[in-house]
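What follows is the residue order along each chain.
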Amino acid sequence: MFSKNTYVERRKKLAQIVGKGVILLPGNTESPCNYPANAYAPFRQDSTFLYYFGLQEAGLVGIIDTESGEEWLLGDDVDVEDIVWYGSVPVISDLADSVGVKNHAPYAKVKDIIDEALKTNRKVHFLPPYRHETMITIMDLLNIHPYKQKEEASLQLIKAVVKMRSNKTAEEIEELERAAVIGYEMHTKAMRLVRPGRTEKYIAGMIDSVPLSLGSKVSFATIFSQHGEILHGAPSMKELEDGRLVLCDCGGETINNYCSDHTRTIPVNGKFSTQQKEIYDIVADCHDLALQIAKPGVKYFDVHLDVCRLMTERLKALGLMKGDVDEAVAEGAHALFLPHGLGHMMGMDVHDMEGLGQIHVGFDEETRPRLDQFGTNCLRMGRRLEEGFVITDEPGIYFIPDLINDWRSKGHCKDFINYEAIEKYMDFGGIRIEDDILITADGCRFLGEKRIPYLTADVERYMAENAE
């Protein structure tokens with residue numbers, strides 16, 4: 001938790017931006033794994049509730065009256081039987097006081113407050129729910145069917161939350177720096193452990209132990225696979241093979257639930273082959289290009305396109321692409337190799353605020369993704385950068401056999417892609433390099449006090465000197 005005043009000021013500002021009506025912010029409840037008493041652990045609070053109310057306890061609801069300024073924290077105190085199993089926890093009155101909320105009551109009071117607002121035809125603002133228990137709560141309170149709640153959610157509240165959470169404050173940046181430290185420890189552990197014969201599952205499990213011991217949890221399910229061409233490849237029981245690459249995309253959350261997200265691609269035997277190094281160096285240079293040009297006022301969509309042009313030029317030099325570079329990028333030919341965007345927002349969610357609608361988080365009236373073009377339709381971030389934004393820089397090159405065969409059979413982008421040359425790369429896999437960067441007053445910088453090795457020579461040296 002941050003200071004009480006942090007949450008008081010955040011709620012005050014939110015009420016001012018929204019202006020009219022009542023804001024309903026449900027926290028999360030425990031989520032059963034396979035029966036009610038066996039919940040997924042650790043408990044993860046809703047990020048927006050956490051941002052404005054700062055409380056980790058399950059079963060809470062926050063309400064803000066934007067006009068009167070009245071605030072409520074609603075929830076039920078635990079009983080003696082709960083205390084026997086889980087220990088004593090603060091009562092609702094103490095929780096409310098800890099974050100500067102004057103009014104508190106049992107959970108049942110939620111309906112009374114919302115009913116009173118509806119009787120006087122006041123707008124009740126809520127965000128798009130992503131958990132079914134929250135959907136049921138909204139249906140009970142507002143009589144809106146879960147299938148319609150996404151479209152009925154308050155655009156005014158969505159935009160207000162995005163506006164506030166996008167620009168990170170100094171205390172948030174400190175938390176994100178701590179998350180980056182966890183990310184460093186996760187990835188360097190992977191580099192120390194990778195060797196032929198060990199299974200993907202074993203190393204992924206060892207990676208996941210790091211945030212559990214240093215922070216809260218993994219910020220998303222760890223991606224660790226020799227099939228790097230599968231963008232979200234889950235670790236399997238397969239043994240690592242000499243001569244292959246393994247892609248590791250993982251991150252951790254701090255105790256206060258701020259996230260890290262890094263990706264490295266590692267040679268299983270500790271040495272990149274000539275073919276692997278040629279492709280890897282292109283990705284590394286694209287990664288560094290983004291660092292050079294990302295700054296306030298620049299559209300991240302333009303940074304993405306600059307990276308795509310560099311990638312196309314370099315793939316053309318290797319004989320894998322051909323034709324005019326600008327025309328190739330305009331036609332989306334590069335998306336055969338890079339079918340995703342350059343990055344996304346980072347913060348309390350690893351894809352920060354994505355549940356509010358990516359079109360509102362990563363784009364604005366000036367920038368909209370091309371939904372009719374493969375690759376561009378997957379961009380998560382294109383808006384003009386501002387000081388305090390934290391985003392990922394994650395170019396990649398992937399050789400996806402099914403996608404290559406599909407495009408080739410249709411003759412898609414045949415003027416820009418050398419399909420015959422690609423035959424030698426069909427079992428290559430994929431490479432991605434990803435770091436979290438902070439947009440500063442005049443540019444950008446890495447988060448984290450230590451840099452996870454990513455240049456080929458540095459990766460090889462670290463693996464050789466630190467093998468376990």
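Predicted model only: the values in this text are computed from it and were never measured.

1. Remarks on the overall build of the protein
Right, on to step 1. Within the protein, the regular secondary structure consists of 17 helices and 17 strands.
Right, on to step 2. A buried classification covers 56% of the 468 residues belonging to the protein.
Right, on to step 3. Sequence-distant contacts, at least 24 apart, represent 73% of the contacts inside the protein between residues at least 6 apart.
Right, on to step 4. Looking at the protein as shown, the accessible area adds up to about 20,700 Å², and 51% of this sits on carbon and sulfur atoms.
Right, on to step 5. Side chains of the protein carry 52 positive and 74 negative charges; the gap between the two charge centres is 2 Å.

2. Focus: helix H12 (residues 300-317)
Right, on to step 1. Taking 1.5 Å of rise per residue, the 18 residues of H12 would be expected to cover 26 Å, and the 26 Å separating its terminal C-alpha atoms lies within 8% of that figure.
Right, on to step 2. Immediately beyond the C-terminal end of H12, within one or two residues, lies Gly319, with a positive phi of roughly 90°.

3. Side note on the side chain of Asn28
Right, on to step 1. By the secondary structure assignment, Asn28 is in the loop between strand E1 (22-26) and strand E2 (32-35).
Right, on to step 2. Residue Asn28 is classed as buried on the basis of its relative accessible area of 4%.
Right, on to step 3. At a separation of 3.2 Å, a polar atom in the side chain of Asn28 contacts the side chain of Tyr130.
Right, on to step 4. Among residues more than four places away in sequence, those in contact with Asn28 are Phe43, Arg44, Gln45, Asp46, Ala58, Gly59, Tyr130 and Arg131.

4. Structural notes on the nonpolar core
Right, on to step 1. Membership of the largest hydrophobic core comes to 144 residues, with the highest contact counts inside it found for Leu14, Ile63, Leu73, Phe224 and Phe399.
Right, on to step 2. Not counting residues within four places of it along the chain, the set of residues in contact with Phe399 comprises Glu229, Ile279, Leu320, Phe337, Ile404, Ile422, Tyr425, Met426, Phe428 and Gly429.

5. Remarks on the layout of surface pockets
Right, on to step 1. Approximately 930 Å³ is the volume found for the largest pocket.
Right, on to step 2. Taken together, 39 residues line the largest pocket, and the ones lying closest to its centre are Asn28, Arg44, Ser47, Tyr130 and Asp349.
Right, on to step 3. When contributions to the lining of the largest pocket are tallied by element, the ones reaching two or more residues are E1, helix H2 (47-53) and helix H6 (132-142).
Right, on to step 4. For the lining of the largest pocket, the element with the highest residue contribution is E1, accounting for three residues.
Right, on to step 5. Looking at the lining of the largest pocket residue by residue, the classes come out as 19 nonpolar, eleven polar and nine charged.
Right, on to step 6. The calculated volume of the second largest pocket comes to roughly 720 Å³.

6. Comments concerning the packing of aromatic side chains
Right, on to step 1. Inspection of the entire model under this criterion finds ten aromatic pairs.
Right, on to step 2. Both rings, one in Phe2 and one in Tyr7, keep their centres 6.5 Å apart while their planes meet at 20°; by these two values the pair is stacked. For the pair Phe2 and Tyr7, a shared accessibility class is recorded, and that class is buried.
Right, on to step 3. Between Phe2 and Tyr258, the aromatic rings sit 6.0 Å apart at their centres with planes inclined by 55°, giving tilted as the arrangement. Linking Phe2 in the segment before helix H1 (4-18) with Tyr258 in the loop between strand E11 (252-253) and strand E12 (262-267), this pair joins segments that are 256 residues apart in sequence.

7. Quick notes on a negative patch on the surface
Right, on to step 1. On the surface, a cluster of negative charge is made up of Glu313, Asp324, Asp326, Glu327 and Glu331.
Right, on to step 2. Per element, the largest residue contribution to the negative patch is three residues, and it comes from helix H13 (residues 325-331).
Right, on to step 3. With respect to the element layout, Glu313 can be found in helix H12.

Scoring rules and cut-offs
- Residues numbered from 1 in each chain as written.
- Predicted model: local features only at pLDDT ≥ 70, side-chain atom pairs only at ≥ 80, totals over all residues.
- Heavy atoms only, no water.
- Helix = DSSP H or I, 4+ residues; strand = E, 2+ residues; numbered from the N terminus.
- Buried < 20%, exposed > 50% of the residue type's maximum accessible area, 1.4 Å probe, protein only.
- Contact = heavy atoms within 4.5 Å.
- Areas by Shrake-Rupley, 256 points an atom, 1.4 Å probe, with all protein chains shown as cover.
- Lys, Arg positive; Asp, Glu negative; His and termini not counted.
- Charge placed at Lys NZ, Arg CZ, Asp CG, Glu CD.
- Expected span 1.5 Å × (residues − 1).
- Polar contact = N/O pair within 3.5 Å; in protein donor to acceptor, adjacent residues only side chain to side chain.
- Core = buried A, V, L, I, M, F, W, Y, C linked by side-chain atoms within 4.5 Å.
- 1 Å grid on protein atoms, 1.4 Å probe; cavity = no way out; pocket = protein on both sides within 12 Å on 5 of 7 lines; lining within 4 Å.
- Points joined across faces, edges and corners; volume = space filled by probe spheres on them.
- Nonpolar A, V, L, I, M, F, W, Y, C, P; charged D, E, K, R; others polar.
- Phe/Tyr/Trp six-rings, centres within 6.5 Å; stacked < 30°, edge-to-face > 60°.
- Patch = residues over 30% accessible without salt bridge, like charges linked within 9 Å, V, L, I, M, F, W, Y side chains within 5 Å.
- Salt bridge = Lys/Arg side-chain N within 4 Å of Asp/Glu carboxyl O.

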